[in-house]
Amino acid sequence: MNEVKETKGIVTFVDTPVTLLGEIVKAGDTAPDFKIIGQGLAPVALSDFKGKTVILSVFPSIDTGVCATQTRRFNQEAAALSDDIVILTISKDLPFALGRFCAAEGIDKLKTLSDYQHSEFGLKYGFLMKENQLLARGVVVVDKDGKIVHVEYVPNVKSEPDYAKALEAAKAAL
């Protein structure tokens, strides 16, 4: 069995430091492909968006205030972005919960994805919190050539990401 890398001290959850499992990614890395679950339980891969700039908006659970705010904000920002930029929201929530939230909130510019089955995204990008098996909050921007151009692991899961930096990186990657 392969040993999973552990990183401590980057993120806190409810003010308690947590251990992130998997590989921490950084700008300049080739974005690892992953396969997770979209609406209708259909598998979705990062490679499905080849040729597009992709913003990965990552959070623990849509049923919390900050996660809902993050999703609403990126949906709002998406309206002003080029069609060559795609925003994927990723959590461990079931696709049904993500769909219900988006329908109730009028979220229609994002693609909601769930890492609930195998935590493949969480492990490949170092967002999986060991202590609760949820994803930490953050943003990753991948350019059209599959290179990571921006990464933010939000230090305190109760805080919002830096939307401006993520959007600036995505626009610059066009």
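Preceding this paragraph is the structure being described.
Here we summarise the structure given alongside this text. Because the structure is a prediction, the values reported are computed rather than measured.

### Some remarks on the overall build of the protein chain
In step 1: Looking only at helices and strands, the protein chain features four helices and 10 strands.
In step 2: When the helices and strands of the protein chain are read in sequence order from the N terminus, they spell out β-β-β-β-β-α-β-α-β-α-β-β-β-α.
In step 3: For 174 residues, the compact-globule estimate of 2.2 N^0.38 gives 16 Å, and the C-alpha radius of gyration of the protein chain, at 15 Å, lies within 12% of that figure.
In step 4: Along the longest, intermediate and shortest principal axes, the C-alpha atoms of the protein chain span 40 × 35 × 30 Å.
In step 5: With an accessible surface of roughly 8,300 Å², the protein chain has 52% of that area assigned to carbon and sulfur atoms.
In step 6: Distance between charge centres in the protein chain, computed from 20 positive and 23 negative side chains, equals 1 Å.

### As for the environment of L113
In step 1: For L113, the location among the structural elements is in strand β7 (residues 111–114).
In step 2: Between the C-alpha atom of L113 and that of T53, which follows or precedes it by 60 residues, the distance is 17 Å.
In step 3: Filtering out sequence-adjacent residues up to four positions away, L113 remains in contact with I36, I37, G38, V44, L88, T89, I90, S91 and L98.

### Regarding helix α2 (residues 95–105)
In step 1: Taken residue by residue, α2 has P95, A97, L98, F101 and C102 as its buried positions. An end-on view of α2 places all buried positions within 165 degrees of arc, on one side of the element. When the buried face of α2 is taken as reference, the exposed residues oriented beyond 90 degrees from it are F96, R100, A103 and A104.
In step 2: The inward-facing, buried residues of α2 abut β3 (35–37), α1 (65–78), β6 (85–91) and β7.
In step 3: Downstream of α2 by a residue or two, G106 has a phi angle that is positive, lying close to 70 degrees.

### Some remarks on a nonpolar patch on the surface
In step 1: Taken together, the side chains of L41, L94 and F96 make up a nonpolar region of the molecular surface, amounting to roughly 290 Å² of accessible area.
In step 2: With relative accessibility at 53%, the residue F96 sits in the exposed group.

### Quick word on the side chain of R137
In step 1: Tracing the chain through its elements places R137 in the loop between β8 (128–129) and β9 (138–142).
In step 2: Buried within the structure, R137 lacks any salt-bridge partner; E160 is the closest side chain of opposite charge, at an N-O distance of 8.0 Å.
In step 3: There is a polar contact of 2.7 Å between the side chain of R137 and the side chain of Q70.
In step 4: A polar atom in the side chain of R137 sits 2.9 Å from the backbone oxygen of S159.

### A few points about the side chain of S57
In step 1: With respect to the helices, strands and loops of the structure, S57 is situated in strand β5 (residues 53–58).
In step 2: Overall, S57 belongs to the buried group, its relative accessible area being 0%.
In step 3: Setting aside residues up to four positions removed in sequence, S57 forms contacts with Q70, F74, L88, T89, I90 and G138.

### Points about the pairing of β6
In step 1: Most of β6 sits inside the fold, with seven of its seven residues counted as buried.
In step 2: Residues I85, I87, T89 and S91 point to one face of β6 and V86, L88 and I90 to the other, with burial holding for every one of them.
In step 3: Sheet analysis places β5 next to β6, joined by six bridges and oriented parallel. Note that in β6 the partner of V58 across the bridge is I90.
In step 4: The handedness of the β5 to β6 crossover, carried by α1, is right-handed.
In step 5: One ladder, built from four bridges, connects β6 with β7; its direction is parallel. Along β7, the bridge assignment pairs S91 with S114.

The rules behind these values
- Residues numbered from 1 in each chain as written.
- Predicted model: local features only at pLDDT ≥ 70, side-chain atom pairs only at ≥ 80, totals over all residues.
- Heavy atoms only, no water.
- Helix = DSSP H or I, 4+ residues; strand = E, 2+ residues; numbered from the N terminus.
- Rg over C-alpha atoms; globule rule 2.2 N^0.38 Å.
- Areas by Shrake-Rupley, 256 points an atom, 1.4 Å probe, with all protein chains shown as cover.
- Lys, Arg positive; Asp, Glu negative; His and termini not counted.
- Charge placed at Lys NZ, Arg CZ, Asp CG, Glu CD.
- Contact = heavy atoms within 4.5 Å.
- Buried < 20%, exposed > 50% of the residue type's maximum accessible area, 1.4 Å probe, protein only.
- Arc of directions from axis to C-beta.
- Patch = residues over 30% accessible without salt bridge, like charges linked within 9 Å, V, L, I, M, F, W, Y side chains within 5 Å.
- Salt bridge = Lys/Arg side-chain N within 4 Å of Asp/Glu carboxyl O.
- Polar contact = N/O pair within 3.5 Å; in protein donor to acceptor, adjacent residues only side chain to side chain.
- Pairing = 2+ DSSP bridges.
- Right-handed = clockwise from strand over helix to strand, strands pointing away.

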